[in-house]
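# Observations on the model geometry
One letter stands for each residue in the lines below.
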Amino acid sequence: RRSGVRVLLADDGEWTSADLLISNATIQWFDQPLAVMARVHAALPSHAILAFSTFGPETFRELRLSFTAAAASLGLPAMPRTLKLPDEATWQAALATAPHLPIHCESALWPGTWPSLSDFLHQVRAAGANLPGGPPLTPTLWRAVQAHYHQHWAVAGGIQASYQPIWIYREPVR
């Protein structure tokens, strides 16, 4: 504690007396991100600032589309291999629980380049991202995913992978 500032690492429900709640790229890992953030938005005092970032549905779209196409080419059912991520409109609707507190959403689409699909996935995993569960990834499916990915998203220097960050901010009422 310094200069009257108290930092609190909080679990769901421990933030109702905060003046500032920020989160950077963690919300998407919640089991029910929309419901949790709607409760946070409604429970925080009106003078509190709420600012967080998450990822939108276009994040890793190339990977998702490659898994779907590869599974279909092998006669396998499509299985989710990436997180299901809400878009800006869905966030706006979920946070409309306190309409007197305006919510602002903004997003962008950022394509990045990696030397290979394996390099990209290693970097994602190194950052702590992983989607548990689901059927195992067989060598045959992985080869089909790589082939589709490289056929459709090869760029100079490797492959493209897109991120769609979404920034959400609530204006405090003074």
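Conventions adopted
Residues numbered from 1 in each chain as written. Predicted model: local features only at pLDDT ≥ 70, side-chain atom pairs only at ≥ 80, totals over all residues. Heavy atoms only, no water. Helix = DSSP H or I, 4+ residues; strand = E, 2+ residues; numbered from the N terminus. Buried < 20%, exposed > 50% of the residue type's maximum accessible area, 1.4 Å probe, protein only. Contact = heavy atoms within 4.5 Å. Pairing = 2+ DSSP bridges. Axes fitted to C-alpha atoms, helices over the stretch in contact; angles between N-to-C directions. Parallel < 35°, antiparallel > 145°, perpendicular 65-115°, else oblique. Left-handed = near helix turned anticlockwise from the far one by under 90°. Nonpolar A, V, L, I, M, F, W, Y, C, P; charged D, E, K, R; others polar. Right-handed = clockwise from strand over helix to strand, strands pointing away. pLDDT = per-residue confidence, 0-100.

### Some details on the environment of L50
Relative to the elements of secondary structure, L50 occurs in strand β2 (residues 49-55). According to the relative accessible area criterion, L50 is buried, its value standing at 1%. Considering only alpha carbons, one finds L50 and I103, 53 residues apart in sequence, at a separation of 9.1 Å. Those residues in contact with L50 that sit more than four places away from it in its chain are L21, M37, V40, H41, L44, I168, Y169 and R170.

### Examining the sheet that holds strand β4 (residues 110-114)
The three strands lie next to each other as β4-β6-β5, forming an open sheet whose pairing is antiparallel. On the outer flanks of this sheet lie β4 and β5 (154-155), each paired with one strand and no other. Relative to strand β6 (residues 158-163), β4 runs antiparallel, the two being bridged by five bridges. Residue pairing in the sheet places P111 in a bridge with S162 of β6. Against the sheet, helix α5 (residues 139-153) touches β5 and β6, its axis set at about 90° to β6.

### Thoughts on the packing of helix α2 (residues 61-73) against α5
The interhelical angle for the contact between α2 and α5, taken along N-to-C directions, is 125°, at an axis separation of 8 Å. Considering their axes alone, α2 and α5 lie oblique with respect to each other. Both α2 and α5 take part in a crossing whose hand is right-handed. The residues of α5 that touch α2, namely those facing E62, L63, L65, S66, F67, A69, A70, A71 and S73, are L141, A144, V145, H148, Y149 and W153. Taken together, the residues that form the contact of α2 with α5 break down as 11 nonpolar, three polar and one charged.

### A closer look at the pairing of strand β1 (residues 20-24)
Only one face of β1 is covered, namely the one carrying L21 and S23; the face carrying L20, I22 and N24 has none of its residues buried. Where β1 lies against β2, five bridges are found, and the strand directions are parallel. Residue N24 lies in a different strand from β2, and its bridge partner there is S53. The parallel pair β1 and β2 is bridged by helix α1 (residues 33-43), and the resulting crossover is right-handed.

### Focus on the confidence of the model for the protein chain
Caution is warranted with low-pLDDT regions, since their predicted coordinates should not be read in detail. On average, residues of the protein chain carry a pLDDT of 86, and 86% of them reach 70 or more. Highest mean pLDDT in the protein chain belongs to β5 (96); lowest belongs to β1 (82).

### Observations regarding the sheet that holds β1
With mixed pairing, four strands are arranged side by side in an open sheet as β1-β2-β7-β3. Two strands close off the open sheet at either side, each with one partner strand: β1 and β3 (103-107). The average undirected angle you get between the axes of adjacent strands in this sheet is 15°. As judged from the five bridges shared by β3 and strand β7 (residues 165-170), these two strands associate in the antiparallel manner. Within β7, the position partnered with C105 by the bridge is I168. Contacts from α1 reach β1, β2, β3 and β7 within the one sheet, and its direction differs from that of β2 by about 170°.

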